[in-house]
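Below are the chains, spelled out letter by letter.
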Amino acid sequence: MATPSTSTEENRPRHTGLLRDENIFLRLLFGYADFGYADTCEDMPGPSFRSLATNLPKSSIKDVLLISIDIDTFQGYEQITSDQQFHTGVSLFDCRSLQASGAALQADSEPDSVIKSLQFTIGDSRYCRRAANRFLFGQSEPILLSEVKPRLEQIVSGRDVVLVLHGAMCDFKVLEHLGIDLHPIFVIDTVKAAQHPLGLSYRYSLAKLLEALGISFAGLHAAGNDAHFALRALLMIAVKDAERQTNTPFITSLSKTLRSIALAPRPPSAGELAAPYIEARQKENEERRKRRKANRQAKLQRRLERRNQAIDLAGPPNEMAKQGTESASAE
């Protein structure tokens, strides 16, 4: 897969400091870059981002489709075999869902439905079935290996695409092996994009990044969930970065809108759905154990009472012995 060129650390303008190209790009993408930072993207090798993507009507936000992809396989990423078992997650955030009215900005639908997520399983192994059962954002769809390329290409047809990955190397290898090139105008690795806004000196795993950003998550390592949460993480990274800039009505509105999408309630996991039933069953079992214990104690108590009654009827032991001696003498 051909990847868009980005500038090296040595080529990056001095005034960007610790900024990465991903951060500069995000500022242009969501329209909160100042003029100086906007110009730095023109210094990147390859086609200019600004010349490839137009703005949304009456907005500084670019008219692009963000597509987050995650590919998970236990058979390695160096090659794809005909019987490869893997699952692929695809999540979409269309910047057209952001409606601008002056400085005000809002999503055109409920925050929890703005990100569209899909999961495809390739193979019928236990590994794939488990991923299908863990997918939180709809029904996982089984497809053939030969269908992966046309399905992904159909999803992005006719749009300027920004590819979002978390730790891009392995996913790139699979896309290359499958001959998939979505022709993104830019590739954002959330591992790198998070470092400057969060002040990180090392790279976070997806779980640790989501925790740092305050995003509730579940079911990681099912590719559909990973792709979805990586996209939420990207939106929250943009929020953190925007809030470091000069406060303006637009940045305030942008941060509020993107935050509401990134932090929207997620669907409950299968374990969370089952928790009340498991808790009720555990409570019922505990009550059953208590009843059995109480029954055993009552039975023991009755047995002791019958024994004591038998002893009382028989009289004291000494009296019984005396009666026995007297009977023997009389004989």
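Refer to the structure presented above.
Below is a short write-up of the structure. (Residues numbered from 1 in each chain as written. Predicted model: local features only at pLDDT ≥ 70, side-chain atom pairs only at ≥ 80, totals over all residues. Heavy atoms only, no water.)

Quick notes on the overall build of the protein
Put simply, the rule is: Counting from the N terminus, the helices are the DSSP runs of H or I reaching at least four residues and the strands are the DSSP runs of E reaching at least two. The buried label applies to any residue whose accessible area, calculated with a 1.4 Å probe on protein chains only, is under 20% of its type's maximum; exposed applies above 50%, and partly exposed to all values in between. Contacts between residues were defined by any pair of non-hydrogen atoms, one from each residue, lying within 4.5 Å. Method for areas: the Shrake-Rupley scheme with a 1.4 Å probe, in which residue coverage is limited to the protein chains shown.
When you go through the protein residue by residue, the secondary structure sums to 13 helices and 8 strands. Looking at the protein as a whole, 44% of its 331 residues qualify as buried. For the protein, the share of sequence-separated contacts (at least 6 apart) that also reach a separation of at least 24 residues comes to 67%. As displayed, the protein has an accessible area near 18000 Å², and 51% of this comes from carbon and sulfur atoms.

Some thoughts on the side chain of S91
Formally: Nitrogen and oxygen atoms within 3.5 Å of one another constitute a polar contact, given that in protein one can donate a hydrogen and the other can accept it, and given that sequence-neighbouring residues count only through two side-chain atoms.
By the element assignment, S91 lies in strand 2 (residues 86–94). One polar contact links S91 to S117, side chain to side chain, over a distance of 2.6 Å.

Some details on the nonpolar core
How we decide: To form a nonpolar core, buried Ala, Val, Leu, Ile, Met, Phe, Trp, Tyr and Cys residues must be joined to one another through side-chain atoms within 4.5 Å.
Grouped together as the largest cluster of nonpolar side chains are 53 residues, with contacts concentrated most on L26, F30, I61, L66, F93, C95 and L258. Of all the secondary-structure elements, those providing two or more residues to this core are helix 1 (21–29), strand 4 (104–107), strand 7 (161–165), strand 8 (186–189), helix 9 (206–213), helix 10 (223–242) and helix 11 (249–262). In terms of residues, this core owes the most to one element, helix 10, which gives 11 residues. Aside from chain neighbours lying at most four places away, what touches C95 is L29, F30, L56, I61, K62, V64 and L66. Among the nonpolar cores identified, the runner-up in size contains 25 residues, and I69, V161, L182 and V187 belong to it.

Focus on the environment of D21
Position of D21 relative to the elements: it lies in helix 1. Note: C-alpha distance between D21 and I188 (167 residues apart in sequence) is 8.7 Å.

Some thoughts on the pattern of salt bridges
To be explicit about the condition: The term salt bridge refers to a side-chain nitrogen of Lys or Arg lying within 4 Å of a carboxyl oxygen of Asp or Glu.
For the structure on display, the rule yields 9 salt bridges. A salt bridge links D241 to R27; the nearest nitrogen and oxygen atoms lie 2.8 Å apart. Taken together, the positions of D241 in helix 10 and R27 in helix 1 put the pair 214 residues apart, joining distant regions of the chain. For D241, a relative accessible area of 1% puts it in the buried group. In this structure, D124 engages R129 in a salt bridge whose closest nitrogen and oxygen atoms are separated by 3.8 Å.

Observations regarding the pairing of strand 2
Along any regular strand, the residues point their side chains to alternate faces of the sheet. Using the following cut-off: Strand pairing is assigned whenever DSSP detects at least two bridges linking the two strands.
Strand 2 sits mainly inside the fold: 8 of its 9 residues count as buried. Both strand 1 (residues 65–73) and strand 2 contribute to a ladder of 9 bridges, which runs antiparallel. Residue L66 lies in a different strand from strand 2, and its bridge partner there is F93. Strand direction decides the pairing type here: strand 2 and strand 5 (residues 116–122), joined by 7 bridges, are antiparallel. Looking at strand 5, one finds that F86 is bridged to I122.

Things to note about the side chain of D72
To keep things clear, this is the line we draw: Charged-residue counts in this description rest on Lys and Arg as positive and Asp and Glu as negative, His and the chain ends being excluded.
Along the chain, the position of D72 falls in strand 1. For the buried D72, no salt bridge exists, and the shortest N-O distance to an oppositely charged side chain is 7.6 Å, to R134. Among the polar contacts made by the side chain of D72, one reaches the side chain of Y127 at a distance of 2.6 Å. Here D72 is in contact with Y77, Q85, F86, H87, Y127, H221 and A223, once residues within four sequence places are set aside.

Considerations on the sheet that holds strand 5
Applied cut-off: Each axis is a line fitted through C-alpha atoms, taken for helices only over the stretch in contact, and angles between the N-to-C directions span 0 to 180 degrees.
What the 6 strands build is an open sheet, ordered 6-5-2-1-7-8; its pairing is mixed. The sheet terminates laterally at strand 6 (141–142) and strand 8, the two strands that pair on one side only. Along the sheet face, helix 5 (residues 148–155) touches strand 1, strand 2, strand 5 and strand 6 and points at about 5° away from the line of strand 2.

Structural notes on the packing of helix 9 against helix 10
Quick reminder of the rule: Our angle categories are set so that under 35 degrees counts as roughly parallel, over 145 as roughly antiparallel, 65 to 115 as roughly perpendicular, and the remainder as oblique. Should the near helix be turned anticlockwise from the far one by less than a right angle, the crossing is termed left-handed; should it be turned clockwise, right-handed. Only Asp, Glu, Lys and Arg are considered charged, only Ala, Val, Leu, Ile, Met, Phe, Trp, Tyr, Cys and Pro nonpolar, and every remaining residue, Gly among them, polar.
At a minimum axis distance of 10 Å, the contact between helix 9 and helix 10 shows a crossing angle of 40°. In terms of their interaxial angle, helix 9 and helix 10 are classed as oblique. Once helix 9 is placed against helix 10, the crossing between them reads as left-handed. Between helix 9 and helix 10, the contacting residues are L206, L209, L210 and L213 on the first element and D226, F229, A230, A233, M236, I237 and K240 on the second. Residues belonging to the contact of helix 9 with helix 10 are distributed by class as follows: 9 nonpolar, no polar and 2 charged.

Regarding unusual backbone geometry
Look at H183: it is not a glycine, yet its phi comes out positive at around 50°. You can see H183 is positioned in the loop between helix 6 (168–177) and strand 8. On the basis of relative accessible area, H183 is assigned to the exposed category, the value being 62%. Its identity as a non-glycine residue notwithstanding, H221 has a phi of 75°, on the positive side. Here H221 is to be found in the loop between helix 9 and helix 10. By relative accessible area, H221 is classed as exposed at 58%.

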